[in-house]
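Now for the letters of each chain:
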Amino acid sequence: MTQLPPPFPYQIDGEMFLAPRRVAFLGDDAGLGKSRQLIEAARTRKYNRIVIFCPAIGRVSWRIQLETWGDPTWQVMDIADKYFQGPGAAVVLVSVQWLSDKTNRARAERYFRRNPVDLAIIDEGQFLKGKDAARTKAVYGGRLDLSGGVIAAAEPKAIWVASATFTPTNIGDFYPHLRALTPDLLCRLFQSSKPPSYTHFTDRFCEKKDDGFGLKIVGNNMSTIGELGGALRPILLARTKEQVLEDLPPIVAEPLFVRVSSKDEVREAVAQFKADPNSLSDDEFLEALARSYAAVESAERRRYMGVLKAQQAVSHAGAFLEANPGRKLVIFCHHRDVIHEVMCWAGADGYAPVAIEGSTSTRDRDAAVHAFQNDPATRVFAGQIRAASTSITLTAASRVLLIEPDPTPDVNYQAISRCHRLGQRDSVFAQFVMDDANPIERRAAKTLIRRATDNASFYGTDLRGVAQPGRQPNAH
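Residues numbered from 1 in each chain as written. Predicted model: local features only at pLDDT ≥ 70, side-chain atom pairs only at ≥ 80, totals over all residues. Heavy atoms only, no water.

**Q** Outline the packing of helix 10 (residues 198-205) against helix 11 (residues 225-232), listing residues and values.
**A** One can describe the packing of helix 10 onto helix 11 by two numbers: an axis separation of 8 Å at closest approach and a directional angle of 115°. The angle between the axes of helix 10 and helix 11 places the two elements in the roughly perpendicular class. For the pair formed by helix 10 and helix 11, the contact residues are Phe-201, Arg-204 and Phe-205 on the first element and Ile-225, Glu-227 and Leu-228 on the second. A per-class count over the contact of helix 10 with helix 11 returns 4 nonpolar, no polar and 2 charged. (Axes fitted to C-alpha atoms, helices over the stretch in contact; angles between N-to-C directions. Helix = DSSP H or I, 4+ residues; strand = E, 2+ residues; numbered from the N terminus. Parallel < 35°, antiparallel > 145°, perpendicular 65-115°, else oblique. Contact = heavy atoms within 4.5 Å. Nonpolar A, V, L, I, M, F, W, Y, C, P; charged D, E, K, R; others polar.)

Rendered as structure tokens:
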């Protein structure tokens, strides 16, 4: 039998933090082994019936983690499996996307009413950030108070939530978890007999601005967010790579500027953006950027720009791979056409590329990751950024190229962190490909990289593992 490496001291601390708590949040940085800490804590408590809610892509990773660290008597089953045998499963994997369907939710609730669990684990908790989202209500109930939903049906003794980015946009993203799992804490904070509404919660802990159509959240209220962080300290454990793993190198993120737009195209892009990008705060800029990306009229231009950026970026990537024969490269894109451009280049140059898109099956995702991690011939991984930015490990590479970065900073950080995980022994160098001719892209390069550290005040840390452009990586 292969001797498994012992847990790191901070992982033992995490296990001991989780084990005695009925409700706990584990907010460690991506790559610090949250899954192992959760599993070890469950074993410490001798929890024998467990449900794990996770993104669809995470089910493969959880199977591997449970096989590696779990109790050998545990049977691991997927509730959506055609041959699912409920009563015989000790660990049940539930995709939160699968739960969005009402029929599937009803099936899950029926099963858990017959088969209650000891422990419910919610992995990648940011997937339940939307208070009105079907997946959030399926887990926590329509009123977010555990009066309904799958967790209420399962009646767990303990509920542990894990995420490296609980608040992808602002602290309001944390509200569904707090409303469902810690209503008493909210009552104490607001000195009220009942928990605050989402509006009252965000009025206190978020900055809002009237855009002419009502108040909208533009960021966190830095004068009050520390109060919430302090109240959560007894149940929230969040460590950075720098705090707990001195030999894990930092991530260094920098822009890679290319020139792809004509003057007319730049004028059109700025006109569609409807604002001077340099006149906006970071929060306002990111909101406007996301709105611009989502606009139908900009979709074709974005795709076209992505293809043009890829055509230039691959020459840069090829030079890196040619100069470093033993190394690999991870590339993230948004559009399938851009991934196609990358795959055509990498295939023609003999780099045996693999890819994960939103439509890639779980089996093919697993095969792609396995080939990239283990086959020396496979030197390029191309991922659709929202489909491949969580729950997979790509530590065979320490170089990341984001040809089409996401307007949400934490999505980019999660993507980069696929390489910056346990087992990585090099500094991870991530480059954001941006059009130097376009002032929106230039501002995006600075803002998206800088905002990788935006959660610092909430988590009580200085950095979340990403260095700003032009700054030296943290010394170790």
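**Q** Break down the environment of Ala-415 for me, citing the residues and quoting the values.
**A** Mapped onto the secondary structure, Ala-415 falls in helix 18 (residues 409-416). The exposure class assigned to Ala-415 is buried, which follows from its relative accessible area of 0%. In the structure, Ala-415 is positioned 22 residues away from Thr-393 in sequence and 10.0 Å away in space, judged by C-alpha atoms. Not counting chain neighbours up to four residues away, the residues in contact with Ala-415 comprise Phe-332, Ile-385 and Ser-389. (Buried < 20%, exposed > 50% of the residue type's maximum accessible area, 1.4 Å probe, protein only.)

**Q** Report on the packing of aromatic side chains, specifying residues and quantitative values.
**A** Scanning the entire structure with this criterion turns up 13 aromatic pairs. A centroid spacing of 5.6 Å and a plane angle of 75° characterise the contact between Tyr-175 and Tyr-198, whose relative ring orientation is edge-to-face. Note that Tyr-175 is positioned in helix 8 (residues 175-181) and Tyr-198 in helix 10, a separation of 23 residues in sequence. According to the relative accessible area criterion, Tyr-198 is partly exposed, its value standing at 24%. The structure contains a cluster of three or more aromatic residues connected by ring pairs, namely Tyr-175, Phe-190, Tyr-198, Phe-201 and Phe-205. Here the basic side chain of Arg-302 rests over the ring of Tyr-293, its NZ or CZ set 3.9 Å away from the ring centre. Note that Arg-443 overlies the ring of Phe-285, its terminal NZ or CZ placed 4.8 Å from the centroid. (Phe/Tyr/Trp six-rings, centres within 6.5 Å; stacked < 30°, edge-to-face > 60°. Lys NZ or Arg CZ within 6 Å of the ring centre and 35° of its normal.)

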